[in-house]
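# Understanding the architecture of this molecule
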Amino acid sequence: MVQSLTVAVIGAGVAGLCAARELLREGHTVVVFEKSDQIGGTWRYDPRTDSDPIGIDPTREVVHGSLYLSLRTNLPRQLMGFLDYPFPENRENGDPRAFPGHEEVLWFLNKFADDFGIRELIRFNREVLRIERVDGRNDKWIIESKSHDGGGDSLFQEFFQAVVVCSGHFTEPRIAQIPGIEKWSGYQIHSHNYRVPEPFRNQSVVVIGFGPSAFDISRDIATVAKEIHISTRTPNVKTMKLANHDSIWQHPMVKCVSEDGLIVFEDGSSVSADAICFCTGYKYNYPFLNTNGIVTIDDNRVGPLYKHVFPPALAPWLSFIGIFEKGIIFQILELQSKWVARVLSGKVVIPTEKEMTKYVEEYYQKLEKLGIPKHFTHYLHFEEVGYSQWLAEESGLPPADEWRERMYAETIKKVRNMEDGYRDQWDNAYWETIIKSESSHKI
Ligand code: FAD
C-alpha cells in the first residue's frame, strides 16, 4: 500500500534539497528545518570563522561552512549535477572552466530549489535542538526547534511521522594528536576555519593532511608564504621539495613539536614553523538527536546504519542522507533520497530489522578483515561504483551512465597523484566525445 507521511528534513544543503524534492514527488508532506537564512549548506561561502581557529573549545561560536574563498570544485561540472538535472555546461555569460568556483555551485542549488518548489517548504533560521521518539513509538517524532529570525528567540515543538537527517558533517574539526603540541607557541588552525592566504604572508607553515583540502590550501598559502611543509601519514613519503614549486616541501608524519617552534618529522627532518594548518578531516556530530543509545558515534562510525542510511531498529522512520564519504557526491545524495522517499511511501521494501543488523555486522567484519580503521566506516572504499548502482536498482531506476564512474575515477587519480593544475588541463573536448558517443549508442 502506498502511504503519504509527514516528514521533517533537517538541513537545506544539497542532501536536504534532494530529500525534499524526492519526498515531495512521492506525495509526502515535507517541512525542511534550516538553521541559517539561506539554502546551500557547505556551498554558502561564509567569511566568518569559529571563535577558536582550531575548533576544539566546546564553548566556541561555531560557523557551519568550511569553504575557502579560492575553492573550485574537485569534480568536473558534469559530476556536480543531478541525474535528471545536470549542472550547466557553462553558465550563461559565466565561467567556462571544467571545474567551476563555489559561487556557481550555490547559484545552481538555488535554481534547483526554485525549479522544484523546495524553497517554500523551508523554515529558515530554525535550528533543530531536539529530535526524539514520542512514547517510544517509531512513527512519532518530536522536533524541537529554535527560531533565530531577529524577533527574539522562540521555541517550537512539532510532530512528524518520519525524520530525515541531512545536517552535513564538515563542521566539527578532527585534529591529529601531536606530542608537545600543548607547549608549541605557534598559530594553529583547522582547514574548517581557513578562508584566505593573507594571514600567512612571509610565514613558514606546516600543512598536515593529504586530502583535497591539504592540496588546495597548501597551494593557496604558497602564493604569499615563505615556505609550506606538507606532512602526511601516507606510507613511504620522503622529505623533498615538490617539483614545479619553489616553496613547497613534503614530509612524513609529524613526530613531535617543541616550545621553540620546531616541528620534527618521523624521518628526523625538522622545520621551524610559524603556523600549523590541520587538514585532518571532520567528526560526525548530531547534538540534537536522542535515540536512547540506538544510534551512537564511535570513532567516527555512526551506527548501526544499514547502507549508511537506516538505523535498523528505527527504520524507515529515521534516516540519514549524506553520511558516506567519497564518490560522486551529488549523484549519491540524489539516489539515497530517492531510496528513502520510496521506502517511506511503501513502494520499496527494506529487509527486516534482524536482516539489516546482520548486514551491518558483516560489513564491519569485512572492514576489519581488510584492515580498514573504524573511522573510515563511511568511506565508500570498496563499493564506490557498486553503491550507486545498488541504490538505483533498489529504487527501481536504471543504472547511471557508465561514463560518470569513469570520469570520477580519472579525476580521483589526478587528485591522488597531486597533479598541479589538473583542473585547467582537463580535456573537456575528450569527455564530450565519450559522453556523446555513449549517448548515441543508447539511442
Ligand atoms: P551541508 O552542505 O553541510 O548542509 C547541511 C545543512 O544543514 C546546512 O545548511 C546547515 O545549516 C543545516 N543544519 C545543520 N545542523 C542543523 C540544525 N541543528 N538545525 C537546522 N539546520 C541544521 N563535494 C563535491 O561534490 N564536490 C566538491 O568539489 C566538494 N568540495 C568540498 C570542499 C570542502 C571544503 C568541503 C567541506 C566539502 C566539499 N564537498 C564537495 C562535499 C560537500 O560537503 C557536499 O558536496 C555537500 O555540500 C554535502 O551536503 P549536505 O547537505 O550533506 O551538508
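Quick caveat, the model's predicted, so the values are computed rather than measured.

## Re the site of the ligand
What surrounds the ligand is a group of 28 residues, the closest being E34, T42, H64, N74 and V128. A distance of 3.1 Å separates a nitrogen atom of the ligand from a polar atom in the backbone of K35. In this structure, N74 approaches the ligand through a main-chain N or O atom, which is 2.7 Å from an oxygen atom. When the free accessible area of the ligand is taken as 990 Å², the share hidden by the protein chains comes to 94%. In terms of residues, the shell around the ligand owes the most to one element, strand β4 (residues 126–134), which gives three residues.

## Brief notes about the packing of aromatic side chains
The geometry of an aromatic ring pair is captured by the separation of the ring centres together with the interplanar angle, meaning the angle of the planes. The full count for this structure, using the stated rule, is 28 aromatic pairs. Centroid distance F170 to Y282: 5.4 Å. Interplanar angle 85°. Geometry classified as edge-to-face. Separated by 112 residues along the polypeptide, F170 in the loop between β7 (162–165) and β8 (172–173) and Y282 in strand β18 (residues 282–283) bring together distant segments of the chain. By relative accessible area, which is 34% here, F170 ends up partly exposed. On the basis of relative accessible area, Y282 is assigned to the buried category, the value being 12%. Pairing Y306 with Y359 gives two aromatic rings, centres 5.3 Å apart and planes at 85°, and the pair type is edge-to-face. Note that Y306 is positioned in the loop between β21 (301–303) and β22 (318–320) and Y359 in helix α5 (residues 353–369), a separation of 53 residues in sequence. Take Y359: its relative accessible area is 28%, and that puts it in the partly exposed class. Taken together, the ring pairs in this structure connect W43, F82, Y85, F87, F108, F112, F116 and F330 into an aromatic cluster. Over the ring of F156 we find R126, and its NZ or CZ is 3.6 Å from the ring centre. For the cation-ring pair, R219 lies above F215, with the distance from its terminal atom to the ring centre recorded as 4.1 Å.

## Focus: the packing of helix α1 (residues 14–25) against helix α4 (residues 329–345)
In the contact formed by α1 and α4, the axes pass within 8 Å of each other and the chain directions differ by 35°. Of the two elements, α1 crosses α4, and the hand of that crossing is right-handed. Counted together, V14, A15, C18, A19, R21, E22, L23 and R25 of α1 and F330, L333, E334, S337, K338, A341 and L344 of α4 form the full contact between these two elements. Within the contact of α1 with α4, the residues separate by chemical class into nine nonpolar, one polar and five charged.

## Focus on the nonpolar core
Judged by nonpolar contacts, the single largest core of 117 residues is most densely connected at L109 and W339. With nine residues, the top contributor of residues to this core is α4. Residue assignment places this core across two domains, with domain 1 (6–171 + 282–402) and domain 2 (175–278) each supplying three or more. Beyond its immediate chain neighbours, meaning those up to four positions away, W339 contacts Y306, K307, V309, F310, V348, I350, W390, L391, E394 and S395. With 14 residues, the next largest nonpolar core counts I54, V271, I276 and F278 among its residues.

## Description of the pattern of salt bridges
This structure, assessed with the given rule, holds 31 salt bridges. One salt bridge connects R201 with E198, and the closest N-O pair in it is separated by 2.7 Å. For E334, the salt bridge is made with K338, and the minimal N-O distance between the two is 4.0 Å. With E334 and K338 both in helix α4 and four residues apart, this pair spans about one turn of that helix. Assessed through its relative accessible area of 0%, E334 is described here as buried.

## Some points on the sheet that holds strand β10 (residues 204–208)
Taken together, the six strands give an open sheet; going across it, the order is β9-β17-β10-β11-β13-β12, and neighbouring strands pair in mixed fashion. The sheet is open, and its two borders are formed by β9 (187–190) and β12 (240–241), each paired with just one other strand. As paired strands, β9 and strand β17 (residues 275–278) are joined by four bridges and run parallel to one another. Paired with Q188 across the bridge in β17 is I276. Contacts between helix α3 (residues 212–221) and the sheet are confined to β10, β11 (227–231), β13 (248–251) and β17, with β11 contributing the most and set at about 165° to the helix.

## Points about the domain arrangement of the chain
Parsing the chain into structural domains produces domain 1 (6–171 + 282–402) and domain 2 (175–278). One C-alpha centre belongs to domain 1, the other to domain 2, and the line joining them spans 32 Å. Contacts between the two partners involve 25 residues from domain 1, matched on the other side by 18 residues from domain 2. In total, about 1,500 Å² of surface goes out of reach between domain 1 and domain 2, with carbon and sulfur atoms giving 52% of it. For the pair domain 1 and domain 2, the number of links is 15 residue pairs in polar contact (both at pLDDT 80 or more). Taken together, the residues that form the side of domain 1 that touches domain 2 break down as 12 nonpolar, nine polar and four charged.

Reading the values: the criteria
Residues numbered from 1 in each chain as written. Predicted model: local features only at pLDDT ≥ 70, side-chain atom pairs only at ≥ 80, totals over all residues. Heavy atoms only, no water. Near = heavy atom within 4 Å. Polar contact = N/O pair within 3.5 Å; in protein donor to acceptor, adjacent residues only side chain to side chain. Areas by Shrake-Rupley, 256 points an atom, 1.4 Å probe, with all protein chains shown as cover. Helix = DSSP H or I, 4+ residues; strand = E, 2+ residues; numbered from the N terminus. Phe/Tyr/Trp six-rings, centres within 6.5 Å; stacked < 30°, edge-to-face > 60°. Buried < 20%, exposed > 50% of the residue type's maximum accessible area, 1.4 Å probe, protein only. Lys NZ or Arg CZ within 6 Å of the ring centre and 35° of its normal. Axes fitted to C-alpha atoms, helices over the stretch in contact; angles between N-to-C directions. Left-handed = near helix turned anticlockwise from the far one by under 90°. Contact = heavy atoms within 4.5 Å. Nonpolar A, V, L, I, M, F, W, Y, C, P; charged D, E, K, R; others polar. Core = buried A, V, L, I, M, F, W, Y, C linked by side-chain atoms within 4.5 Å. Domains from an automatic or database assignment. Salt bridge = Lys/Arg side-chain N within 4 Å of Asp/Glu carboxyl O. Pairing = 2+ DSSP bridges. Buried area = accessible area lost by both parts, 1.4 Å probe.

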